[in-house]
Structure formats: C-alpha cells, structure tokens
Amino acid sequence: KAGVTQTPRYLIKTRGQQVTLSCSPISGHRSVSWYQQTPGQGLQFLFEYFSETQRNKGNFPGRFSGRQFSNSRSEMNVSTLELGDSALYLCASSSPGQGAGSEQFFGPGTRLTVL
Amino acid sequence: DQQVKQNSPSLSVQEGRISILNCDYTNSMFDYFLWYKKYPAEGPTFLISISSIKDKNEDGRFTVFLNKSAKHLSLHIVPSQPGDSAVYFCAAYPTDSWGKLQFGAGTQVVVTP
C-alpha cells in the first residue's frame, strides 16, 4: 500500500504571496490532518478533515485554510505569507474506527521557506 | 498551553542498554496515546500506541507504560540500537477530538556505540 504523499516537497515563496500544498492519503483513509512543525513550537495541529468536512481546527489564523475532496485528497492554503510561516508542513491520514482513536500515518512533509 | 509534556529534550544511551523516554499530560480527556519517531526532514513514523484502558503495550523492542492516575506514560526501548537515534514524540488524542493529535516537544535520543 502506498504511503501518504505530499507535493511539493520544497517551496520557496516571498512575503505576501499565497501557497497551496497537496496531500494524498493512504488508500482507504478518510481522515486527513495537517500539522506545522517549527523549531520553536514543535508539532502544532492545524486542522483535520473527514469526508470533505473540517472536523477539528487548531489555533491558527484564518490565513490558514484547507479542504478535502471526495477522493479524500486534501489541500491546505496559506494566504498573505509571513516570515513566521516558514516551517515543515506535515499531512497525516488515518482510518478512525468507531469510538476509538487510531494511528495517524505521516507524509514526508513540505518544507516551506518564506523570504 | 502545552498539554503533552516531554521534559527531557535529550537522552544519550549506550548501544545495548535500555532507553526510557517519559511523557506527562494534563488533559484528563486524553484517551489514546502514541509514540512517534522522527528523522530530520522526514515525517514522523508511528511506533506504538496504548489505549487508556490498558497500562502496558509491547511490540518487539518497544514497550509503552501508562499510569493514568499520575497522567504519565513512558516508552522503553530494549536493547537500544544505533538506528534508534532520532527524535521521539509522545502524542495523545482527546476523546472529543479524534483527529486532533496533541504532541509533546520531543526527546532527541542518541545511541552511542
């Protein structure tokens, strides 16, 4: 089974621009979560999508948004980029059972650098 | 507000010995706990998990212990191998937000020959 894939792997943008990152989950997984990893803040939860609906949201400004398509693929968008948005953006997929958590499987991440 | 805490940023252990990584949490709603291993420039790799109804789970060289009353869990790696050198993250799910993993800050493990 193929793992979680993320594109692109590396991205360089300038302040004020916007960016779209893509994530393809493991086949059959319907939940996709996004995380931001920075040296100072560690791994921070952005949002989670399940069956095309945002189910959970972290404490990030509205410049960060996402969506999920009917095939469970997901995209996240960051508008009006700031220098502090430079980070590794990780996508994870899972197949939650009823009433229980499940392991999230992570992609390799997209390294975003904002200049 | 950091609800999952890994107070040791680093751990150095000799090859063949036991590595013990600790994690504390504050949210009593956490119901499912996971450990991940991460190499630089890669995504975290799932290692082992434990439900709050258990106090121990074992998988090969990895064992996770959960003490609910103390809100504490630990990961034991026996024996430690050089390939275990990585950052280890403790993570937890609250029962009302299954998709929302809360991560600790991580512990850098270095296994020396």
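Residues numbered from 1 in each chain as written. Chains lettered and ligands numbered in written order. Predicted model: local features only at pLDDT ≥ 70, side-chain atom pairs only at ≥ 80, totals over all residues. Heavy atoms only, no water.

S.K.: Explanation requested: the interface of chain A and chain B in the structure shown.
M.R.: One frequent convention defines the size of an interface as the accessible area lost when the parts assemble. On the side of chain B, 18 residues touch chain A, which itself brings 21 residues to the contact. Carbon and sulfur atoms make up 57% of the surface buried where chain A meets chain B, a total of about 1700 Å² over both sides. The largest contributions to the chain A side of the interface with chain B come from A:Leu43, A:Glu103 and A:Phe106, which together make up 29% of the buried area. Where the side of chain A that touches chain B is concerned, the elements lending two or more residues are strand S4 (31–38), strand S5 (42–50), strand S6 (53–57) and strand S9 (87–94) of chain A. Considered class by class, the residues forming the side of chain A that touches chain B number eight nonpolar, eight polar and five charged. (Contact = heavy atoms within 4.5 Å. Buried area = accessible area lost by both parts, 1.4 Å probe. Helix = DSSP H or I, 4+ residues; strand = E, 2+ residues; numbered from the N terminus. Nonpolar A, V, L, I, M, F, W, Y, C, P; charged D, E, K, R; others polar.)

S.K.: What exactly am I supposed to notice about the packing of aromatic side chains here?
M.R.: Describing an aromatic ring pair means giving the distance of the ring centres and the angle of the ring planes. Across all of its chains, the model carries 15 aromatic pairs over all chains by this definition. Look at A:Phe106 and B:Phe103: their rings are 6.0 Å apart centre to centre, the planes differ by 70°, and that puts the pair in the edge-to-face class. You can see A:Phe106 sitting in strand S10 (residues 105–106) and its partner B:Phe103 sitting in strand S10 (residues 102–103), one on each of two chains. The interplanar angle of 80° and the centroid separation of 6.5 Å between the aromatic rings of B:Phe30 and B:Phe33 together place this pair among those described as edge-to-face. Residue B:Phe30 is classed as buried on the basis of its relative accessible area of 2%. One aromatic cluster is present, built from ring pairs that chain together A:Tyr35, A:Phe45, A:Phe105, A:Phe106, B:Tyr36, B:Phe46, B:Phe89 and B:Phe103. Between A:Arg55 and the ring centre of A:Phe50, over which it is positioned, the NZ or CZ distance is 4.3 Å. (Phe/Tyr/Trp six-rings, centres within 6.5 Å; stacked < 30°, edge-to-face > 60°. Buried < 20%, exposed > 50% of the residue type's maximum accessible area, 1.4 Å probe, protein only. Lys NZ or Arg CZ within 6 Å of the ring centre and 35° of its normal.)

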